[in-house]
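Secondary and tertiary structure notes
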Amino acid sequence: DGILRETGINAICETTEGDIVVGSQSGLYVCRHNSHTATALPGAEALKDLKIMALARDAEGDIWISTVKGIWQYRSREERLISHYGSNGIVEDEFCSGVFFDNTSGTIFFGTNSTVTYFNPNDIGAETAVGKVFLTRFATPAKVYSPFADSFSLPWDDNSFTVQFSLLDYKN
């Protein structure tokens with residue numbers, strides 16, 4: 001199909017439905033086995049400008065994607081992406097093209113230039129809700145305002161201010 005002609009394919013993976021997911025230098029595509037057409041993968045718009053390096057499918061049918069900016073999980077049933085970066089415990093965010101392995105116990109391995117990131121998708125917890133964020137400080141150089149006020153009104157010449165927020169959730 002013409003959509004894949006100039007994309008520089010780096011990875012392919014079969015879905016549980018028998019379609020082929022194609023990872024390229026310009027995003028993620030799906031080749032439907034019943035229609036022989038290639039289209040952008042629904043729900044994967046965030047990967048449009050990311051270079052896909054490797055693809056692996058887990059036992060639940062989700063596609064795990066290593067890119068030049070982290071690992072992404074494509075939840076096939078929901079047609080949506082979940083990103084996993086260094087803040088999620090990944091040592092390095094830039095992965096190598098085609099360097100992956102998945103073993104019989106379900107562990108997925110993605111390689112970088114200097115390390116291997118591995119995980120079992122069954123051990124990745126469900127997304128947790130973020131607690132409520134509170135305004136804890138609002139100040140200008142001349143005055144500190146109560147963070148509990150419903151609104152703030154500043155004179156036109158008081159055009160510099162600082163804002164502090166806190167997540168007052170003490171879990172983990």
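My aim in this report is to walk through the structure given alongside it, one point at a time. Residue indices begin from 1 for each chain and proceed along its sequence in written order. Where local features are concerned, this predicted model is filtered to residues with pLDDT of at least 70; where side-chain atom pairs are given and counted, the filter is 80 or more; whole-chain, interface and lining totals use all residues. With hydrogens and water stripped out, all remaining heavy atoms of the structure feed into the side-chain values.

1. Thoughts on the overall build of the chain
Looking only at helices and strands, the chain features 0 helices and 14 strands. Relative accessible area decides the class of each residue, using a 1.4 Å probe on protein chains only: under 20% of the type maximum gives buried, over 50% gives exposed, and in between gives partly exposed. Out of the 172 residues belonging to the chain, those deemed buried represent 34%. If you take every contact in the chain between residues at least 6 apart in sequence, the share linking residues at least 24 apart comes to 37%. In this description, accessible areas are obtained by the Shrake-Rupley approach with a 1.4 Å probe, and a residue is regarded as covered only by the protein chains that are shown. Total accessible area on the chain stands at roughly 10,900 Å², and carbon and sulfur atoms take up 51% of it. Only DSSP runs of H or I covering at least 4 residues are called helices, and only runs of E covering at least 2 are called strands; the numbering of each starts at the N terminus. Note on contacts: a residue pair is in contact if any heavy atoms of the two residues lie within 4.5 Å.

2. A short note on the pairing of strand β10 (residues 108–111)
Looking down a regular strand, the side chains alternate between one sheet face and the other. Between any two strands, at least two bridges found by DSSP are needed for them to pair. Sheet analysis places strand β9 (residues 100–102) next to β10, joined by 3 bridges and oriented antiparallel. Paired with Phe101 across the two strands is Phe109, which belongs to β10. Taken together, β9 and the strand that follows it, β10, pair antiparallel across an intervening segment of 5 residues, in which Gly106 is found at a positive phi of about 95 degrees. Where β10 meets strand β11 (residues 116–119), 4 bridges bridge the pair, whose relative direction is antiparallel. In the strand pairing of β11, Phe109 is matched with Tyr118.

3. Thoughts on the sheet that holds β10
Strand order across the open sheet formed by 3 strands is β9-β10-β11, with antiparallel pairing between neighbours. Only two strands of the sheet have a single partner each, and these edge strands are β9 and β11. Between one strand and the next, the sheet's axes are offset by a mean angle of 15 degrees, whatever the strand orientation. Here, axes are lines fitted to C-alpha atoms. For helices the fit covers the stretch in contact, and angles between N-to-C directions go from 0 to 180 degrees.

4. So, the packing of aromatic side chains
Between the rings of Phe, Tyr and Trp (Trp by its six-membered ring), a pair exists once the centres lie within 6.5 Å; its type follows the angle of the planes, with under 30 degrees stacked, over 60 edge-to-face, and the other angles tilted. For the structure on display, the rule yields 9 aromatic pairs. Judged by centre distance (5.6 Å) and plane angle (70 degrees), the ring pair of Phe138 and Tyr145 falls under edge-to-face. The class for Tyr145 is buried, based on a relative accessible area of 14%. Each residue in the set Trp64, Phe95, Phe110 and Phe119 is aromatic and connected to the rest through ring pairs, giving one cluster.

5. Structural notes on the sheet that holds strand β12 (residues 133–139)
Taken together, the 3 strands give an open sheet; going across it, the order is β13-β12-β14, and neighbouring strands pair in antiparallel fashion. At either end of the open sheet lies a strand with only one pairing partner, and these are β13 (144–145) and β14 (162–167). Bridge count between β12 and β14: 6 bridges; the pairing is antiparallel. For Arg137, the partnering residue across the bridge sits in β14 and is Gln164.

6. Some thoughts on the pattern of salt bridges
One speaks of a salt bridge when a side-chain nitrogen belonging to Lys or Arg is within 4 Å of a carboxyl oxygen belonging to Asp or Glu. A full pass over the atoms with the stated rule returns 5 salt bridges. With a closest N to O distance of 3.7 Å, Asp62 and Arg77 form a salt bridge. Of this pair, Asp62 sits in the loop between β5 (52–57) and β6 (63–67) while Arg77 is found in the loop between β7 (70–75) and β8 (80–84), placing the two residues 15 residues apart along the sequence. Take Asp62: its relative accessible area is 3%, and that puts it in the buried class. Overall, Arg77 belongs to the exposed group, its relative accessible area being 55%. What you see here is one network of salt bridges that share partners, running through Asp62, Arg75, Arg77, Glu78 and Arg80.

7. Topic: the side chain of Asn120
By the element assignment, Asn120 lies in the loop between β11 and β12. A relative accessible area of 16% places Asn120 in the buried class. For the purposes of these results, a polar contact is taken to be a pair of N or O atoms within 3.5 Å, where, inside protein, one atom must be able to donate a hydrogen and its partner to accept one; residues adjacent in sequence count only when each atom of the pair is a side-chain atom. Within the structure, the side chain of Asn120 is placed 3.0 Å from the backbone oxygen of Ser105, a separation counted as a polar contact. The contact partners of Asn120, leaving out residues within four places of it in the chain, are Ser105, Gly106 and Thr107.

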